[in-house]
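# Reading the structure
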Amino acid sequence: MKDNPYIAIFTAFFVSYAIRVLPLTLIRKPIKNKFVKSFLHYVPYVTLSVMTFPAIISSTQTPVAGAMAFAAGIILSFFNAGLFPVACACCAVVAIVEHFLV
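In short, a report on the structure. (Residues numbered from 1 in each chain as written. Predicted model: local features only at pLDDT ≥ 70, side-chain atom pairs only at ≥ 80, totals over all residues. Heavy atoms only, no water.)

### A few points about unusual backbone geometry
How we decide: Secondary structure elements are taken from DSSP: a helix is a run of H or I of four residues or more, a strand is a run of E of two residues or more, and numbering for both begins at the N terminus. For every residue, the accessible area obtained with a 1.4 Å probe (protein chains only) is divided by the maximum for its type, and the residue is called buried under 20%, exposed over 50%, and partly exposed between those limits.
Phi is positive for Asn 80, close to 60°, though the residue is something other than glycine. Mapped onto the fold, Asn 80 is located in the loop between helix H3 (63-78) and helix H4 (83-101). Under the relative-accessibility criterion, Asn 80 is labelled exposed at 71%.

### Quick word on the packing of aromatic side chains
To keep it simple, the criterion reads: Side-chain rings of Phe, Tyr and Trp (the six-membered ring for Trp) are treated as a pair once their centres are within 6.5 Å; stacked means planes under 30 degrees apart, edge-to-face means over 60, and tilted covers the remaining angles.
Taken as a whole and judged by the stated rule, the model has 5 aromatic pairs. Centroid distance Tyr 42 to Tyr 45: 6.4 Å. Interplanar angle 55°. Geometry classified as tilted. One end of the pair is Tyr 42 and the other is Tyr 45, both in helix H2 (residues 34-58) and 3 residues apart, which spans about a single turn.

### Let's talk about a nonpolar patch on the surface
For clarity, the threshold we go by: What makes a patch is a set of residues exposed beyond 30% relative accessible area and free of salt bridges, joined within 9 Å when like-charged and within 5 Å when nonpolar (Val, Leu, Ile, Met, Phe, Trp, Tyr). Here, Shrake-Rupley sampling with a 1.4 Å probe gives the accessible areas, and only protein chains in the shown set may cover a residue. A side-chain nitrogen of Lys or Arg and a carboxyl oxygen of Asp or Glu constitute a salt bridge if their distance falls within 4 Å.
There is a patch of nonpolar side chains on the surface, built from Leu 22, Leu 26, Ile 27, Ile 31, Phe 35, Val 36, Phe 39, Leu 40 and Val 43 and spanning about 840 Å² of accessible area. Mapped by element, the contributors of at least two residues to the nonpolar patch are helix H1 (5-26) and H2. Tallying contributions element by element places H2 first for the nonpolar patch, with 5 residues.

### Remarks on H4
The condition that has to hold: Expected helix span is taken as 1.5 Å per residue step, with the number of steps being one fewer than the number of residues. In this context, the arc is that of the directions from the helix axis out to the C-beta atoms. Between two residues, a contact is recorded if the distance between any of their heavy atoms is within 4.5 Å.
For H4, spanning 19 residues, the distance from its first C-alpha to its last is 27 Å, which sits close to the expected 27 Å at 1.5 Å a residue. For H4, the full list of buried residues reads Val 86, Cys 90, Val 94, Val 97 and Glu 98. Down the axis of H4, the smallest arc covering the buried residues is 95°, so these residues share one side. Of the exposed residues in H4, those oriented more than 90 degrees away from the buried face are Phe 84, Cys 91, His 99 and Phe 100. Taken together, the buried residues of H4 touch H3.

### What to know about the side chain of Thr 60
The cut-off we apply is this: Polar contacts, as counted here, are pairs of nitrogen or oxygen atoms within 3.5 Å of one another; within protein the pair requires one atom able to donate a hydrogen and one able to accept it, and residues that are adjacent in sequence qualify only if both atoms are side-chain atoms.
Within the fold, Thr 60 resides in the loop between H2 and H3. The class of Thr 60 is buried, set by a relative accessible area of 16%. A polar side-chain atom of Thr 60 sits 3.5 Å from the main-chain carbonyl oxygen of Ile 57. A distance of 3.4 Å separates the side chain of Thr 60 from the backbone nitrogen of Gly 66, its partner in a polar contact.

### Thoughts on the side chain of Glu 98
Applied cut-off: His residues and chain termini do not enter the charge count, which takes Lys and Arg as positive and Asp and Glu as negative.
Structurally, Glu 98 can be placed in helix H4. Despite its burial, Glu 98 pairs with no opposite charge, the nearest such side chain being Arg 20 at 32 Å. Polar side-chain contacts of Glu 98 include one of 2.6 Å to the backbone nitrogen of Gln 61. The contacts of Glu 98, once residues within four sequence positions are left out, are Thr 60, Gln 61, Thr 62 and Ala 65.

Structure below.
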């Protein structure tokens, strides 16, 4: 595998292509199962959160600051704060926590 990078490239291509093509070719009728429909409804949200959460924790100098900003963002969004106030508050929490911890 180390000597021939084309095997890795072909494998990555095949897996990516299969993931995109198989659902188009295998599923022709509308989906009527409520469980499958609800599962597919939440896939984009789960994918976004799986990509975002590690970035929140690891983008700060200390993981504690990222975790505290994440908690502050959840609390503010629970009380229906908009995106801009939540983002500003999270940045402020990171700045304050890193100022006192670092």
